[in-house]
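Coordinate analysis (summary)
Each chain, letter by letter, is given below.
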Amino acid sequence: MDNTTKIVDRFGREHKYLRISLTERCNLRCFYCMPEEGVKLREKSCFMTSEEVIELAEKFVALGVTKIRLTGGEPLIKKDIGNILSQLSKLPVELGITTNGVLVDKYIDTFKKAGIKSVNVSLDSLKEDRFNAISRRNYFNRIKSNIDLLIENDFNVKVNVVLIKDVNDDEITDFIDWSIIKPIEVRFIEFMPFDGNKWNWDKLVSNKKILETVHSHYGEDYVEKIKDKKNDTTRSYRIKKAKGSFGIISSMTNPFCDTCNRIRLTADGKIRNCLFSNSEVDLLGALRRKQNVEQLILQSIYNKEKQRGGINNFETSDFVLKDDRSMVTIGG
Ligand code: SAM
Ligand code: SF4
């Protein structure tokens, strides 16, 4: 595979990793991500069809993308997901998916056929009642057994946990204990502010706080740092002799913008070059008008801000993301 990419920004960062959101809809209602009533429904024609997803993905790959992850909303509720996976599997890319895990049992064979090796599953609590309250639905047991199913079938499983103070921050060591007995990578994600999710700095459980908790519980000698991969957003650790590992994604207190190689394509076909940016470029419209999509991709990434979408007042306590998108409509 050619290892060069044409998608480079003005700071020299090469962009080889594309995250495609397949839908804004979801079968859960995690309170930090999605309004209780769901997202405002829009005409079906606002969103990419499966053919358009494939067509745009092919253009990105031709420009040098080597890794594609499907996300959402919940990607597994996209009609035609089987076909999308099978078409994308023909491209020379590493294919992955981020899911809430509810429908994994239905699609595990499709994952195998598509050559998917890595599945990220979000699970914010190991306590059934608490998880069901966070997600406002009752799928805890199904998700938990689907994680076991993925492990039994040799998938590389990462479990995403958004930590929120006084909601689930008392479970840090429970999750790490789980990574000691199972070959999973638990990833603690700092809570991020998006439209309507009632975020504030006090609710954030920082990278520093997580490490303090871990060191005092297990003892510093038992916590090993694992070498981070280039462009990885996770800082990884392992408890000595554990089967799995854990990591921290500290987008808020310790961002990883310097090595960012990500491009996000929203379900309505907009390129959004940073989670925190609120400028978007409409690729789907351009594709439908038969305009030069490649040129738009290159321009959009070239103009990417150096850090966090150009937000400078990040550390002030009154910071709010002025945007009309909740996380579920951006594609996490
Ligand atoms: N539905 C799939 C899932 O839950 O994994 C994929 C989409 S979801 C938006 C992707 C990731 O974003 C999940 O791990 C979720 O926990 C995370 N996420 C959503 N809202 C967030 C927030 N406000 N702060 C930090 N992470 C968030
Ligand atoms: Fe749905 Fe994932 Fe958002 Fe939860 S985090 S509401 S599962 S999109």
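Our structure is the block above this text.
All of these numbers come straight from a predicted model, not from anything done at the bench.

1. Comments concerning the packing of aromatic side chains
Tallying each qualifying case throughout the model produces seven aromatic pairs. Centre to centre, the rings of phenylalanine 111 and phenylalanine 155 are 6.2 Å apart; their planes meet at 80°, and the pair counts as edge-to-face. Here phenylalanine 155 lies in the loop between α5 (140-152) and β5 (156-163) and phenylalanine 111 lies in helix α3 (residues 104-113), a separation of 44 residues in the sequence. Here phenylalanine 111 matches phenylalanine 155 in class, with each residue buried. Between phenylalanine 175 and tryptophan 178, the ring centres sit 6.3 Å apart and the planes meet at 55°, which makes this aromatic pair tilted. Highlighted residues: phenylalanine 175 and tryptophan 178, both in helix α6 (residues 172-181), separated by three residues, approximately one helical turn. No difference in accessibility class separates phenylalanine 175 from tryptophan 178, as the two residues are buried. One aromatic cluster is present, built from ring pairs that chain together Phe175, Trp178 and Phe188. Looking at lysine 67, its charged tip hangs above the ring of tyrosine 17, at a distance of 4.4 Å from the centre. Between the NZ or CZ atom of lysine 225 and the centre of the ring of tyrosine 237, over which it lies, the distance is 4.8 Å.

2. Focus: the packing of α3 against α5
Closest axis-to-axis distance for the α3/α5 pair is 10 Å, and the angle between their directions is 20°. One way to sum up the angle between α3 and α5 is to call them roughly parallel. Regarding α3 and α5, the two cross each other, and that crossing is right-handed. On α5, the residues touching Val104, Asp105, Ile108 and Phe111 of α3 are Arg142, Asn146, Leu149 and Leu150.

3. A few points about the site of ligand 1
Surrounding ligand 1, one finds 20 residues, the nearest of these being Tyr32, Gly73, Glu74, Ser122 and Met192. A distance of 3.2 Å is found between an oxygen atom of ligand 1 and a side-chain nitrogen or oxygen belonging to asparagine 160. Measuring from a nitrogen atom of ligand 1, one finds a backbone N or O atom of methionine 192 at 2.9 Å. Across the complex, the protein chains shield 95% of the 540 Å² of accessible surface that ligand 1 would expose by itself. Those elements that place two or more of their residues in the shell around ligand 1 are β3 (94-99), β5 and β6 (184-190). Residues that form the shell around ligand 1 fall into these classes: eight nonpolar, 10 polar and two charged.

Calculation rules
- Residues numbered from 1 in each chain as written.
- Chains lettered and ligands numbered in written order.
- Predicted model: local features only at pLDDT ≥ 70, side-chain atom pairs only at ≥ 80, totals over all residues.
- Heavy atoms only, no water.
- Phe/Tyr/Trp six-rings, centres within 6.5 Å; stacked < 30°, edge-to-face > 60°.
- Helix = DSSP H or I, 4+ residues; strand = E, 2+ residues; numbered from the N terminus.
- Buried < 20%, exposed > 50% of the residue type's maximum accessible area, 1.4 Å probe, protein only.
- Lys NZ or Arg CZ within 6 Å of the ring centre and 35° of its normal.
- Axes fitted to C-alpha atoms, helices over the stretch in contact; angles between N-to-C directions.
- Parallel < 35°, antiparallel > 145°, perpendicular 65-115°, else oblique.
- Left-handed = near helix turned anticlockwise from the far one by under 90°.
- Contact = heavy atoms within 4.5 Å.
- Near = heavy atom within 4 Å.
- Polar contact = N/O pair within 3.5 Å; in protein donor to acceptor, adjacent residues only side chain to side chain.
- Areas by Shrake-Rupley, 256 points an atom, 1.4 Å probe, with all protein chains shown as cover.
- Nonpolar A, V, L, I, M, F, W, Y, C, P; charged D, E, K, R; others polar.

Honestly, that's just the spatial picture; any functional story needs more than this.
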